[in-house]
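Architecture at a glance
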Amino acid sequence: MTDNVLLFASSKGGVGKTTVALGLSRALAKLGQRVLLADFDFSSPCLDLLCGMEDHVLCTAADLAKEICTPGDALLRPYDELELYLLPASQEDCMAELPEAEQITRLACAVEQAAEQIGAEYVLLDTGAGVSKGLHAAAKTARSAVIVAGHTPASIRAAGMTGQRMLSHGITETYLVINPYDVKSCAAKKNTRHSMLEIIDGAGVPLLGVVPYDYALVLAQEGHGSGELSAAAFQNIANRLRGQAVPLFSGLPKIRKQKRMLFQ
Ligand SMILES: Nc1ncnc2c1ncn2[C@@H]1O[C@H](COP(=O)(O)OP(=O)(O)OP(=O)(O)O)[C@@H](O)[C@H]1O
Ligand SMILES: [Mg+2]
């Protein structure tokens, strides 16, 4: 199985883990990579919905973990033009009869089987906020963690603490993604905060990318159109993961102009 296994985590809920995991999966697939995206948020799974595949889910990660289906039965391919495969999660707790430690081991095994099946070059595991069964299972397979945080100092500090916590899960390689970066709100705070770079440095998690607030992306998640601003940001992040040195705001001219508001 590939070494490129990333889990998505945050201590706070609703910061955009699922959005970033899906955006980055699509960006990697656009670069010609075979990508497995697994929904490991077992308390509020939603990747099937965001991919418009909710009516196509027949089997889930839990069914695969319980060996009542094959990877081929569970995997969905939401976008014909992309080698991006989704392993959906069940909306019910259908592993409750097993001890939690066994659930975790089996779920980690299920994702490995799914990755083998498609010859995945990247595996992205979306987990819920905080410490959960999904996080424990994801950490058994993942080599790296992407920590998603808002641009406020409090959110970035929480990301630093999440990064520390990853060590106890055996994950030493962590990256920070700031999402959503709202230019207007940063402008309003001009001169009232420490430099965001100082705060990011203080968090001790290397910055992988900044995703702007993108209303088009919200509409896309509701099934109307596709995100624009954020697509360039996800592409930048994908290229950085592939080893390229990409300037922080490449392809994002509006943000480039205003970056002094964030990095004053
Ligand atoms: N860059 C962005 N621009 C605009 N809206 C965004 C952006 N990123 C996320 N959102 C919105 O924020 C909300 C929360 O995003 P998301 O579900 O990805 O967060 P999460 O961290 O996965 O949440 P949870 O902790 O519940 O799993 C969604 O309504 C999503 O549309
Ligand atoms: Mg989520």
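An account of the accompanying structure is given in this report. (Residues numbered from 1 in each chain as written. Chains lettered and ligands numbered in written order. Predicted model: local features only at pLDDT ≥ 70, side-chain atom pairs only at ≥ 80, totals over all residues.)

Concerning the packing of helix α5 (residues 100-118) against helix α6 (residues 133-141)
Two packed helices can be described by the angle between their axes and the distance between those axes. Stated formally: To obtain an axis, a line is fitted to C-alpha atoms, over the contacting stretch when the element is a helix, and the angle between two such axes runs from 0 to 180 degrees between their N-to-C directions. A run of H or I in DSSP becomes a helix once it reaches four residues, and a run of E becomes a strand once it reaches two; helices and strands are each numbered from the N terminus. For this classification, under 35 degrees means roughly parallel, over 145 means roughly antiparallel, 65 to 115 means roughly perpendicular, and everything else is oblique. Should the near helix be turned counterclockwise from the far one by less than a right angle, the crossing is left-handed, whereas a clockwise turn marks it as right-handed. For the purpose of contact definition, each residue receives a C-beta atom placed from its backbone, and two residues are in contact when these atoms lie within 7 Å. Amino acids outside the nonpolar list (Ala, Val, Leu, Ile, Met, Phe, Trp, Tyr, Cys, Pro) and the charged list (Asp, Glu, Lys, Arg) are all regarded as polar, and Gly is one of them.
As a packed pair, α5 and α6 sit with axes 8 Å apart at the nearest point and diverge in direction by 50°. The angle between α5 and α6 places the two elements in the oblique class. Of the two possible hands of crossing, α5 and α6 adopt the one that is right-handed. For the pair formed by α5 and α6, the contact residues are Glu100, Gln103, Ile104, Leu107, Ala108, Val111 and Glu112 on the first element and Lys133, His136, Ala137, Lys140 and Thr141 on the second. Taken together, the residues of the contact of α5 with α6 sort by class into five nonpolar, three polar and four charged.

Notes on the site of ligand 1
Formally: Put plainly, near means the residue's C-beta atom, positioned from the backbone, lies within 6 Å of the molecule or strand in question.
Lining the immediate surroundings of ligand 1 are 21 residues, of which Gly13, Gly16, Thr18, Thr19 and Pro180 lie closest. Looking at the shell around ligand 1, the elements that each hand over two or more residues are α1 (17-30), β6 (173-181) and α10 (215-221). When the residues that make up the shell around ligand 1 are grouped by side-chain class, the tally is seven nonpolar, eleven polar and three charged.

Some remarks on unusual backbone geometry
Our working definition: In this scheme every C-beta is placed from the backbone, and a residue whose C-beta has 20 or more other C-beta atoms within 10 Å is buried, one with 12 or fewer is exposed, and one in between is partly exposed.
The omega torsion across Asn179 and Pro180 is -15°, close enough to zero to call that bond cis. Tracing the backbone shows Pro180 in strand β6. Look at Glu67: it is not a glycine, yet its phi comes out positive at around 60°. Of note, Glu67 is situated in the loop between α3 (61-65) and α4 (71-74). Judged by C-beta crowding, with 11 C-beta atoms within 10 Å, Glu67 ranks as exposed.

So yeah, pure geometry; function would need other evidence.
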